Amino acid sequence: MTRSWPVAFLALLLSATPGARVQTPRGPAATPATPRDGSHDFDFEIGRWETRLKRLVNPLSGSSKWVEYHGTSTVRPIWGGRANMVELEVEGEAGHIEGLALRLYDPTARQWSLNYSNSRSGTLSAPVVGEFVNGKGVFFGQETLNGRAILVRFVISQVTATTTHFEQAFSGDRGESWEVNWIADDTRMAAGAGTGQ
C-alpha cells in the first residue's frame, strides 16, 4: 500500500493548522518569521492530574456507544522538558486502562511527536506530530484501524494552570470528516491527593 497520499495530505493539514497566522511580506527585504521555540510547550502539564475520560466504542463504525473512565495521569519531564512521559491509569465500566505517552520535541522541525502505548499492546503506536499555536496543540498522524489506513487528529485545548482538555478524532475519508472518539478532561491534583474512586 502506498503511503504517499497521507504524507502529502498531512503536510497540507499541518500547514493549515487552525489558528495559524499567515505572514504578509512588507517590501523587498521581508524575510520569513523564525519559527518559535516550542520545546517547553508541555511544561504546564508536569505533575499529577485527575482524569475523566470518555471513549467511543468501535470508532468509524456508526457506533454511538461511549464508555467512561476515571483515574489519574502523571506527567514527568525528561531531558530538561524537551521530552516528557505521561502515565495514565483509569478504571471504568469497560475495564481498566494503563496507558503511556512519550512526547518528543524535534528542535529542527520545532514540532512535537506524541507516541502512545498501552499495557495490552506493549508497543508504541505511530506518532501524531504537530505543535502549539496560540495555546492550542494540534497534532496529526496516520494509523491502521481494522486493516484500513486512517488519519488521526489529536487536540489539546482549554489549557489553564489547573485544567486541560484532550480530544482524539479519526478520519476514514482522507480528512473530509472527523469523528471524535476519545475525550479527556484533566484537573490538577494537590500534592498527596487521591482520586476518590
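For clarity, every value in this text was computed on a predicted model and none was experimentally measured.

Quick look at the environment of Asn118 now. Along the chain, the position of Asn118 falls in strand S5 (residues 111-118). Distance in space between the C-alpha atoms of Asn118 and Leu100 is 6.0 Å, their sequence separation being 18 residues. For Asn118, the residues in contact, after removing those within four places along its chain, are Glu98 and Gly99.

Moving on to the confidence of the model for the protein. Looking at the protein as a whole, the pLDDT averages 86, with 81% of positions reaching at least 70. Note on residues 1-25: pLDDT is under 50 here. Beyond four places in sequence and across chains, it has 26 contacts.

Turning our attention to the sheet that holds strand S9 (residues 163-171). The ten strands are arranged S1-S2-S3-S4-S5-S6-S7-S8-S9-S10 in a closed barrel whose pairing can be described as antiparallel. The average angle at which neighbouring strand axes cross in this sheet is 25°, direction not considered. As paired elements, strand S6 (residues 128-133) and strand S7 (residues 136-145) share five bridges and run antiparallel to each other. Pairing of Phe132 across the sheet is with Gly137, part of S7.

So, about the pattern of salt bridges. Overall, the coordinates contain four salt bridges when judged by the stated rule. Here Arg36 ties to Asp41 by a salt bridge, and the two come within 2.7 Å at their closest N and O atoms. The exposure class assigned to Arg36 is partly exposed, which follows from its relative accessible area of 46%. A relative accessible area of 15% means that Asp41 is categorised as buried. Linking Arg52 and Glu50 is a salt bridge whose minimum nitrogen-to-oxygen distance equals 3.5 Å.

Not every positive phi belongs to a glycine, and Asn58 is a case in point at roughly 55°. In this fold, Asn58 is placed in the loop between strand S1 (47-56) and strand S2 (66-78). Positive phi is not limited to glycine here, since Arg110 has a value of about 60°. Its place among the elements puts Arg110 in the loop between strand S4 (95-106) and S5.

The next thing to look at is the packing of aromatic side chains. Inspection of every chain in the model, using the stated rule, returns ten aromatic pairs. Geometrically, the ring pair formed by Phe44 and Phe132 is edge-to-face, given 6.4 Å between the ring centres and 75° between the ring planes. Here Phe132 lies in strand S6 and Phe44 lies in the loop between helix H1 (4-15) and S1, a separation of 88 residues in the sequence. Judged by centre distance (6.5 Å) and plane angle (65°), the ring pair of Tyr116 and Trp182 falls under edge-to-face. Of this pair, Tyr116 sits in strand S5 while Trp182 sits in strand S10 (residues 179-188), and the two are 66 residues apart along the sequence. What makes Tyr116 partly exposed here is its relative accessible area of 28%. Classification of Trp182 as buried rests on a relative accessible area of 17%. These aromatic residues form a ring-pair network of at least three members: Phe42, Phe44, Tyr105, Trp112, Phe132 and Phe139.

Counting through the fold element by element, Asn84 comes out in strand S3 (residues 83-92). For the pair formed by Asn84 and Leu102, sequence separation is 18 residues and the distance between their alpha carbons is 6.1 Å. Once you skip the residues sitting within four places of it in the chain, Asn84 turns out to touch Phe42, Ile46, Val75, Arg76, Pro77, Ile78, Ala101, Leu102, Arg103 and Trp112.

About the cut-offs
- All residue numbers here refer to positions counted from 1 along the written sequence of the relevant chain.
- The model is predicted, so local features are restricted to residues of pLDDT at least 70 and side-chain atom pairs to those at 80 or more, both for listing and for counting; the totals for chains, interfaces and linings are taken over all residues.
- Values reported for side chains reflect all heavy atoms of the structure, with hydrogen atoms and water molecules removed beforehand.
- Strands here are runs of E lasting at least two residues and helices are runs of H or I lasting at least four, both read from the DSSP assignment and numbered beginning at the N terminus.
- When checking whether two residues touch, look at their non-hydrogen atoms; a contact exists if any pair is within 4.5 Å.
- Each residue carries a pLDDT value, the predictor's own confidence for that position, ranging from 0 to 100.
- When DSSP locates at least two bridges between a pair of strands, those strands are taken to pair.
- Each axis is a line fitted through C-alpha atoms, and for a helix only the stretch in contact is used; angles between axes span 0 to 180 degrees, taken between their N-to-C directions.
- When a carboxyl oxygen of Asp or Glu is within 4 Å of a side-chain nitrogen of Lys or Arg, the pair counts as a salt bridge.
- Remark: exposure states derive from per-residue accessible area (1.4 Å probe, protein chains only) relative to the maximum for the residue type, with buried under 20%, exposed over 50%, and partly exposed in between.
- Only centres within 6.5 Å qualify two rings of Phe, Tyr or Trp (six-membered ring in Trp) as a pair; their planes then separate them into stacked at under 30 degrees, edge-to-face at over 60, and tilted for everything else.

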